[in-house]
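Fold and geometry: a report
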Amino acid sequence: ENKELLIAIIEVFIHDPLFNWCINDTTTDTKQLKEQNSPTSDEESPEESNNQAHRVLGSLKRKLEGIEEGVVLGVEGQINHLIRKAQDPANLSRIFVGWQAWI
C-alpha cells in the first residue's frame, strides 16, 4: 500500500550526487588504477555511475509487485520464497559471525 512512497524515497538517492551505490574494494581499486594511469581523466557521468542504482530500483519494484525470479507470486508464495532463501546454506554462510544467532 505504501510502495509509491518507498519508490519515491529510493529514487531520491539515484539523483543524489553525494551517494554512490557501488563502492566496494573492486571499484575502489579500479578507480585508483585509472587515476594513477591518467590523472586528468574525466569523471564518470551521473548516469553511468548510477546504473547500479537503477538495477536496484528495478529489483525493488519487481519485489513490490510480487515478482521473484520472473514468476508472479502471491503473499504466501513470497513468504515461502523468503523462507527458502533464509534457509539456503549459501546465504547462511554469509552471516556476520558477531550476530550470534544461537544466543
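The rules behind the values
Residues numbered from 1 in each chain as written. Predicted model: local features only at pLDDT ≥ 70, side-chain atom pairs only at ≥ 80, totals over all residues. Heavy atoms only, no water. Helix = DSSP H or I, 4+ residues; strand = E, 2+ residues; numbered from the N terminus. Buried < 20%, exposed > 50% of the residue type's maximum accessible area, 1.4 Å probe, protein only. Contact = heavy atoms within 4.5 Å. Areas by Shrake-Rupley, 256 points an atom, 1.4 Å probe, with all protein chains shown as cover. Salt bridge = Lys/Arg side-chain N within 4 Å of Asp/Glu carboxyl O. Axes fitted to C-alpha atoms, helices over the stretch in contact; angles between N-to-C directions. Parallel < 35°, antiparallel > 145°, perpendicular 65-115°, else oblique. Expected span 1.5 Å × (residues − 1). Arc of directions from axis to C-beta. pLDDT = per-residue confidence, 0-100. Core = buried A, V, L, I, M, F, W, Y, C linked by side-chain atoms within 4.5 Å. Polar contact = N/O pair within 3.5 Å; in protein donor to acceptor, adjacent residues only side chain to side chain.

Some points on the overall build of the protein
Along the backbone of the protein there are six helices and two strands. Taken from N to C terminus, the helices and strands of the protein fall in the order α-α-α-α-β-β-α-α. The buried share of the protein, taken over its 103 residues, is 10%. Contacts in the protein between residues at least 24 apart in sequence constitute 57% of all its contacts with a sequence separation of at least 6. When the accessible surface of the protein is summed, it comes to about 8,800 Å², and 57% of that surface belongs to carbon and sulfur atoms.

Focus: the pattern of salt bridges
In the structure shown here, the tally under the stated rule is two salt bridges. Between E68 and K63 there is a salt bridge, with its nearest N and O atoms 3.3 Å apart. Of the residues examined, K63 reaches a relative accessible area of 41% and is grouped as partly exposed.

Some remarks on the packing of helix α1 (residues 3–15) against helix α4 (residues 51–65)
It is the contact of α1 with α4, at a shortest axis distance of 10 Å, that shows an interaxial angle of 175 degrees. As far as their axial angle goes, α4 and α1 are roughly antiparallel. Across from K3, L6, I7, I10, E11 and I14 in α1, the residues of α4 making contact are A53, H54, L57, L60, K61, L64 and E65.

Some points on α4
With 15 residues, α4 extends 21 Å from end C-alpha to end C-alpha; this agrees with the ideal 21 Å at 1.5 Å per step. Regarding α4, the residues found buried are A53, L57 and G58. The arc that holds every buried residue of α4, seen down its axis, measures 135 degrees, which confines them to one face. As for α4, its buried residues are in contact with α1. Phi turns positive one or two residues past the end of α4, at G66, with a value near 90 degrees.

What to know about the confidence of the model for the protein
When pLDDT is averaged along the protein, the result is 76, and 64% of the positions lie at 70 or above. Summarising per-element confidence for the protein, the mean pLDDT is lowest in helix α3 (residues 46–49) (54) and highest in helix α5 (residues 75–87) (92).

A word on the nonpolar core
Of all hydrophobic cores here, the largest spans five residues; its members are I7, I10, I14, A53 and L57. No other element matches α1, which puts three residues into this core.

Structural notes on the side chain of E68
Within the element layout of this structure, E68 appears in strand β1 (residues 67–68). Given a relative accessible area of 12%, E68 falls into the buried group. Among the polar contacts listed, one links the side chain of E68 to the side chain of H81, at a separation of 3.2 Å.

A look at unusual backbone geometry
For E69, which is not a glycine, the phi torsion comes out positive at approximately 50 degrees. Looking at the secondary structure, you find E69 in the loop between β1 and β2 (71–72). On the basis of relative accessible area, E69 is assigned to the exposed category, the value being 67%.

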